Amino acid sequence: MKVSITSGKSEGPTRLNAFDNALIDAGIGDVNLIKVSSIIPANAQIVRLPPLETGSTVNCVLSHRISNNRGDLISAVIAVALSDNMGCVAENGGINKDPKIIREDAIFMVEYMMRKRGEKIKNLIVEEINHKVKECGAVVAALVYL
């Protein structure tokens, strides 16, 4: 299996449009996303996000935040931990929270998930995105199953 990690941010005239624009910015705006839980099979390869077929159904672990309060700092994070046997994904996000803490919390959660399963982490990848809202903004971070 192949997976890809991506993120995007944008503004829009409404919360829905801001979210849609952030998905487009992340390269996953023209597909139907299905949120799944956070397990990656053994030997999964992390690859660059390829073009996706318009209208296709795509599984993903998704973190997102939307705000229409000017000046808000919005953040979304995906943390991925891989071992020889499997991987886990933790998502986190926040509004007007320290992005460093949001990132650290995501890392803590994914490390805990792996420890709970008795897995030794060989690779840890974190994707984070932050955005200062101008009018109505959105951020997304996702692990996409290809």
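Our subject is the structure that appears above.
Values in this document were obtained by computation on a predicted structure and should not be read as measured data.

Draft legend 1. Layout of the sheet that holds strand 2 (residues 32-35). Pairing within the open sheet is mixed, and its five strands lie in the order 2-5-9-1-4. Sheet topology places strand 2 and strand 4 (45-46) at the edges, where each strand pairs with a single neighbour. Pairing of strand 1 (residues 2-11) with strand 4 involves two bridges; the strand directions are parallel. Within strand 4, the position partnered with Val 3 by the bridge is Ile 46. Seen against the sheet, helix 1 (residues 15-26) touches strand 1, strand 2, strand 5 (57-67) and strand 9 (137-145) and runs at an angle of roughly 135 degrees to strand 1.

Draft legend 2. Highlighting the pattern of salt bridges. This model, assessed by the stated rule, comprises three salt bridges. A salt bridge links Lys 122 to Asp 84; the shortest N-O distance between them is 3.0 Å. Placement of the pair is Lys 122 in the loop between helix 2 (99-116) and strand 8 (123-132) and Asp 84 in the loop between strand 6 (73-82) and strand 7 (86-95), with a sequence separation of 38 residues. Pair check on accessibility: Lys 122 and Asp 84 agree, each one exposed. The shortest N-O distance in the salt bridge between Arg 103 and Glu 128 comes to 2.7 Å. Taken together, the residues span a long stretch of sequence, with Arg 103 in helix 2 and Glu 128 in strand 8 at a distance of 25 residues. For Arg 103, a relative accessible area of 31% corresponds to the partly exposed category. With a relative accessible area of 28%, Glu 128 lands in the partly exposed category.

Draft legend 3. Broad picture of the side chain of Asp 72. Structurally, Asp 72 is set in the loop between strand 5 and strand 6. Buried within the structure, Asp 72 lacks any salt-bridge partner; its nearest side chain of opposite charge belongs to Arg 15, at an N-O separation of 7.5 Å. Not counting the four nearest positions on each side in its chain, Asp 72 is found in contact with Ser 67, Ile 95, Asn 96, His 131, Lys 132 and Val 133.

Draft legend 4. Expanded view of the environment of Glu 127. By the secondary structure assignment, Glu 127 is in strand 8. A residue is classified by how much of its surface remains accessible, and Glu 127, at 23% relative accessible area, is partly exposed. As a C-alpha pair, Glu 127 and Leu 62 span 65 residues in sequence and 11 Å in three-dimensional space. Sequence-distant contacts of Glu 127, that is, excluding residues within four places in its chain, are made with Ile 5, Thr 6, Ser 7, Ala 76, Val 77, Ile 78 and Ala 141.

Draft legend 5. Up close: the state of the cysteines. The full count for this structure, using the stated rule, is zero disulfides. For Cys 88, which is in no disulfide, the shortest distance to another cysteine sulfur is to Cys 60 and amounts to 17 Å. Using a relative accessible area of 0% as the deciding quantity, one classes Cys 88 as buried.

Cut-offs and rules
Residues numbered from 1 in each chain as written. Predicted model: local features only at pLDDT ≥ 70, side-chain atom pairs only at ≥ 80, totals over all residues. Heavy atoms only, no water. Pairing = 2+ DSSP bridges. Helix = DSSP H or I, 4+ residues; strand = E, 2+ residues; numbered from the N terminus. Contact = heavy atoms within 4.5 Å. Axes fitted to C-alpha atoms, helices over the stretch in contact; angles between N-to-C directions. Salt bridge = Lys/Arg side-chain N within 4 Å of Asp/Glu carboxyl O. Buried < 20%, exposed > 50% of the residue type's maximum accessible area, 1.4 Å probe, protein only. Lys, Arg positive; Asp, Glu negative; His and termini not counted. Disulfide = S-S within 2.5 Å.

Read these as layout, nothing more, since geometry by itself doesn't imply function.
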